[in-house]
Amino acid sequence: MKNKNPLAQYATPTEKHELYTRSCANNEFAYKSDGTKVPLGTMNEDTVEFIGGLWRVQDDKKLDVLTVRDRQVVLGPRIQHNEKTFFEYYRASFLSYNCYGPIIFKYDMVVAKYATDKGIYWAYGENIPQARAFMGIRLYDEYMDLIHSVACKNAIKQRKK
């Protein structure tokens with residue numbers, strides 16, 4: 001498992017390794033999300049986490065996770081839309097965890113994507129208009145000087161005279 005489950009009860013990878021080694025020596029079990037248990041020693045250390053006093057096998061979910069405005073977001077299906085825009089929109093959900101790994105309750109928000117020569121920009125909101133508005137703010141922050149120079153070209157020329 002690449003990402004540490006935030007519910008895990010250890011501070012560092014070294015601390016996890018020491019706990020895992022001791023637990024294997026004590027013939028402890030790892031519990032799966034389906035309620036079954038397996039000997040911990042048969043599991044790869046990267047696939048288990050110590051949570052709630054027990055070793056838990058992490059469900060291996062292939063999720064498209066990205067960080068938008070300092071939040072981890074799971075990208076869902078693309079939304080078809082008819083408005084004139086260069087943005088793409090996707091259903092999305094904030095990334096949540098239980099003791100068996102990442103979970104998605106429902107895709108209850110919208111993420112906007114805009115690919116430029118400088119990179120890909122992301123924004124989210126509760127719906128398309130809100131995601132579009134946050135994207136507009138993000139792009140304005142990035143391209144403020146360019147927008148101003150084009151939008152106020154005549155006024156800028158008048159001031160220079």
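Residues numbered from 1 in each chain as written. Predicted model: local features only at pLDDT ≥ 70, side-chain atom pairs only at ≥ 80, totals over all residues. Heavy atoms only, no water.

Draft legend 1. Here's a closer look at the sheet that holds strand 2 (residues 37–39). With mixed pairing, the four strands of this open sheet are ordered in space as 2-1-4-3. Across the chains shown, the open sheet's two edge strands, defined by having one partner strand only, are strand 2 and strand 3 (48–51). Ignoring strand direction, the axes of neighbouring strands in this sheet form an average angle of 40°. Sheet topology places strand 1 (residues 29–31) next to strand 4 (residues 54–57); two bridges connect them, and they run parallel. Directly across from Y31, in strand 4, lies its bridge partner R56. (Pairing = 2+ DSSP bridges. Helix = DSSP H or I, 4+ residues; strand = E, 2+ residues; numbered from the N terminus. Axes fitted to C-alpha atoms, helices over the stretch in contact; angles between N-to-C directions.)

Draft legend 2. The packing of aromatic side chains, seen in detail. For the structure on display, the rule yields six aromatic pairs. Between the aromatic rings of F94 and Y124, the centroid separation amounts to 5.2 Å while the plane-to-plane angle is 90°, which identifies the pairing as edge-to-face. In this pair, F94 sits in strand 7 (residues 88–94) while Y124 sits in strand 11 (residues 119–125), placing the two residues 30 residues apart along the sequence. In this structure F94 comes out as partly exposed when scored by relative accessible area, which is 25%. Owing to a relative accessible area of 11%, Y124 belongs among the buried residues under this scheme. Site record: aromatic cluster; members linked through ring pairs are Y20, F50 and W55. Across from the ring centre of F29, 4.5 Å away, lies the NZ or CZ of K37, which sits over that ring. (Phe/Tyr/Trp six-rings, centres within 6.5 Å; stacked < 30°, edge-to-face > 60°. Buried < 20%, exposed > 50% of the residue type's maximum accessible area, 1.4 Å probe, protein only. Lys NZ or Arg CZ within 6 Å of the ring centre and 35° of its normal.)

Draft legend 3. Structural context of the environment of S33. Among the structural elements, S33 can be located in the loop between strand 1 and strand 2. For the pair S33 and D70, spaced 37 residues apart in the sequence, the C-alpha separation amounts to 29 Å. With residues up to four places along the chain from it excluded, the contact list for S33 reads D59 and Y100. Within polar-contact distance, the side chain of S33 engages the side chain of D59 at 3.0 Å. (Contact = heavy atoms within 4.5 Å. Polar contact = N/O pair within 3.5 Å; in protein donor to acceptor, adjacent residues only side chain to side chain.)

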